[in-house]
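So the chains spell out like this:
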Amino acid sequence: MHGPPRTMLINQKTAISTSSILLVPYEPHHVTTYHEWMKDPEIQETTASEPLTLDEEYAMQRSWRTDHDKLTFIACQPLPGNHEGINRSLVASKGDAPDRMLGDVNLFLTAADEDEEGCIGELELMIAPTSHRRRGYGRAAILTFLCYIETHLQEILEEYRIGSGGKDGGKMNLLMLRVKIGGKNEKSIGLFEGIGFVKTAEGENYFGEVEMVFEGAIGGGRVGKLLERFGIEAYREMEYAEGEP
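Fair warning: this is a prediction, and the values are worked out from it, not measured in the lab.

Conventions and cut-offs
Residues numbered from 1 in each chain as written. Predicted model: local features only at pLDDT ≥ 70, side-chain atom pairs only at ≥ 80, totals over all residues. Heavy atoms only, no water. Pairing = 2+ DSSP bridges. Helix = DSSP H or I, 4+ residues; strand = E, 2+ residues; numbered from the N terminus. Contact = heavy atoms within 4.5 Å. Core = buried A, V, L, I, M, F, W, Y, C linked by side-chain atoms within 4.5 Å. Buried < 20%, exposed > 50% of the residue type's maximum accessible area, 1.4 Å probe, protein only.

Novice: Tell me about the pairing of strand β6 (residues 115-127), residues and numbers included.
Specialist: Relative to β6, strand β5 (residues 101-112) is paired through ten bridges, and the arrangement is antiparallel. Its bridge partner lying in β6, G103 is registered against I127. Connecting β5 to the next strand, β6, in antiparallel fashion are two residues. Here β6 runs beside strand β7 (residues 173-182); their pairing, made up of six bridges, is parallel. Counterpart to L123 in the pairing with β7 is V179.

Dropping the structure here:
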C-alpha cells in the first residue's frame, strides 16, 4: 500500500495581501525571473546557493511547492488599492507578474533530535532587486509570513507530521523558529533583531553564519501586534486562482 502523500499543499490556492506586501505561491511563471536573480554572485553568497540551470530551477520550484517539509511564498509589491479592501481574489500572473516580484520567504521544517513529536522551523528571506532593498519590503514579507504561520500553525505541522510518516493520532509541536544569516549581513541581522529574534551565541558558527531564534513561543496574536507596530495593515488571505491558459 502507498502511504499518504508527502506534500505541503496548504498554501497552493492562497495569496496573502497587506498594505505593504503581497505573498503568492511559487508558480512556474515565476521561475524565469527567479532564475535570473540567482545568477547574481552576491545573492548566491548571501543565500548559500549554487547556480542552477533553468531546468533545475523548474525542478526546484516543484520541490518547494510540493515537499512536505517546505512552505514558500513569492514576495511581490502590494496590490494597488489593497488598503481599501477591494480585492477578494487574485488571478495568477495578474498581481504577481515578473515586474512585480521582489523575492521569497521560506519555512523549512526538520525533525528535532530530542523529541520525536517536535520539529524545528528555519526561515529564509530574500529581497532580490537592489533597488527595492532598504524600503521595508523584507520586514513586511517576513512578518506577513509569520502571521500566516501563526494562523495556520497546526495545519502546517499536521501536513509535516503526515508527510514524515507519522502515525494516526500523533501530534507535532514546533519547538523552535530560527534563522541563519551570513555574519557580514548586518542589515538582515538587524531586521530580525528588530522583530524579536535573538542570537543564540556570540560570533559566527563554523559556516560563518549567525544563528538567531524567535524569542518565546509563536501564537497568541503576537505577530499581529508586530504588524501593527510596523504599520503593516489590511492582512487578508485571498483565493489564488489559476489564470487563463
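More follows now that the structure is in view.
Novice: Just give me the short version of the environment of I195, but keep the residues and values in it.
Specialist: When you line up the elements, I195 lands in the loop between α6 (186-194) and β8 (197-199). When sequence neighbours within four positions are dropped, the list of residues in contact with I195 reads R139, I142, L143, L146, F214, L226 and F230.

Novice: Go over the nonpolar core, please, and point to the residues and values.
Specialist: With 44 residues, the main nonpolar core has L23, L107, L123, F145, L146, I149 and F197 as its most contacted residues. No other element matches the ten residues that helix α4 (residues 137-151) contributes to this core. Setting aside residues up to four positions removed in sequence, L146 forms contacts with L123, L177, I195, F197, I218 and V223. The next biggest cluster of nonpolar side chains, apart from the first, holds 20 residues, and it includes A15, L90, M101 and A128.

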